[in-house]
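Here is how the chains run, residue by residue.
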Amino acid sequence: MIIPGLVSATFKTESPDFVLAALKKADLHAVEWSENWHIPAGDTALARDLRERTLAQGAEIAAYGSYYRLGQNSDPAKDFLPTLQSAAALGAPLIRIWGGGTASSELDADTRKELATEAKTVSDMAASEGIKVALEWHKNTVTDTNESGLSFLDEAAADNLYCLWQPTVALNMDERCAGLDMLEARGRLLNLHVYYWLEGKRRPFAEGLDEWRRYLQHVNRNEKRYGLLEFVLDNTEEQFLEDAAQWKRLLQETAMN
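Cut-offs and rules
- Residues numbered from 1 in each chain as written.
- Predicted model: local features only at pLDDT ≥ 70, side-chain atom pairs only at ≥ 80, totals over all residues.
- Heavy atoms only, no water.
- Buried < 20%, exposed > 50% of the residue type's maximum accessible area, 1.4 Å probe, protein only.
- Helix = DSSP H or I, 4+ residues; strand = E, 2+ residues; numbered from the N terminus.
- Core = buried A, V, L, I, M, F, W, Y, C linked by side-chain atoms within 4.5 Å.
- Phe/Tyr/Trp six-rings, centres within 6.5 Å; stacked < 30°, edge-to-face > 60°.
- Lys NZ or Arg CZ within 6 Å of the ring centre and 35° of its normal.
- Contact = heavy atoms within 4.5 Å.
- Arc of directions from axis to C-beta.

(A) View of unusual backbone geometry. At D234, a residue that is not glycine, the phi angle is positive and equals roughly 65 degrees. A relative accessible area of 61% means that D234 is categorised as exposed. Phi is positive for N235, close to 60 degrees, though the residue is something other than glycine. With respect to the secondary-structure elements, N235 resides in the loop between β10 (225–229) and α8 (237–255).

Below you can see the structure in the form of structure tokens.
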């Protein structure tokens, strides 16, 4: 089952009230709350408040969208703690992190090993709270190719470390679908970040329906996960509501096939 929702960073400059209202208007059922834009790391009071308000609206907490980035922390255990505290207060089942800031092809073996060790450290910390960790699937990180991303999971060797997935511009269509297959085969695919870009520019989601039909053929619909909209054209509520309607319609259509 894919539960439709949104990434709160879709509306970076808007308040949590706006995000919750937009979620309700669109009849979506989950939120990935953003660390940088809506729930700062360490603000456990706000995290608890938004947990209660999200659940009261009949929606679920999909994730805590952290901007913790591997390889940029002098003391990972100390630096990750505020992120973990907010995620726990929010009741988030997973924390999104970033796999460094360098293309995998440019990483030497020692640096890659350091990143894997750090990923293991923060994953173990999250596991103590019953929380999973998921790497953003993104260019210029350790997940910028399918092979690098899957190898990194092995190198980190953390049972609760997974990957999110999105149609990154770093990969072509066949590579994207292959990545979904590889993650599914390993049981390491969690949520989807849902949007449509053409030639590196945001477009209405309706224009990408055929592309997303193909992606969904590579996703196990028997597993519960969240399909979260982001990157709305011009950041308007009107376009968001249209994208949400198209996404829900596509999920219904493909679930019956």
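That shown, we press on.
(B) Focus on the nonpolar core. One finds W33, I97, W165, L192, W212, F240 and W247 to be the most contacted residues of the largest nonpolar core, which totals 69 residues. Broken down by element, the residue count for this core peaks at 6 residues, all from helix α4 (residues 109–127). Ranked by size, the runner-up nonpolar core spans 7 residues in total, among them V7, A30, A62 and L228.

(C) Up close: the packing of aromatic side chains. A full pass over the atoms with the stated rule returns 13 aromatic pairs. Seen in terms of ring centroids, Y195 and F231 are 4.8 Å apart; in terms of plane orientation they differ by 85 degrees. Their pairing is edge-to-face. Residue Y195 is found in the loop between β7 (189–194) and β8 (197–198), and its partner F231 is found in the loop between β10 and α8; the two are separated by 36 residues along the sequence. Given the relative accessible area of 25%, F231 is considered partly exposed. Each residue in the set W165, F205, W212, Y215 and W247 is aromatic and connected to the rest through ring pairs, giving one cluster. One Lys or Arg, R188, reaches over the ring of Y162 and ends 4.6 Å from the middle of that ring.

(D) Looking closely at the side chain of D243. With respect to the helices and strands, the residue D243 is situated in helix α8. When near neighbours in sequence (up to four residues on either side) are disregarded, D243 contacts P204, F205, L229 and V232.

(E) A look at helix α1 (residues 16–26). Listed as buried for α1 are P16, V19, L20, A22, L23 and A26. Mapping the buried residues of α1 onto a view down its axis gives an arc of 160 degrees, with all of them on the same face. Exposed side of α1, more than 90 degrees from the buried face: K24 and K25 are the residues found there. Looking at the buried residues of α1, the elements they touch are β1 (2–7), β2 (30–34), α2 (44–56) and α8. Trailing α1 by a residue or two, D27 shows a phi angle of about 55 degrees, which is positive.

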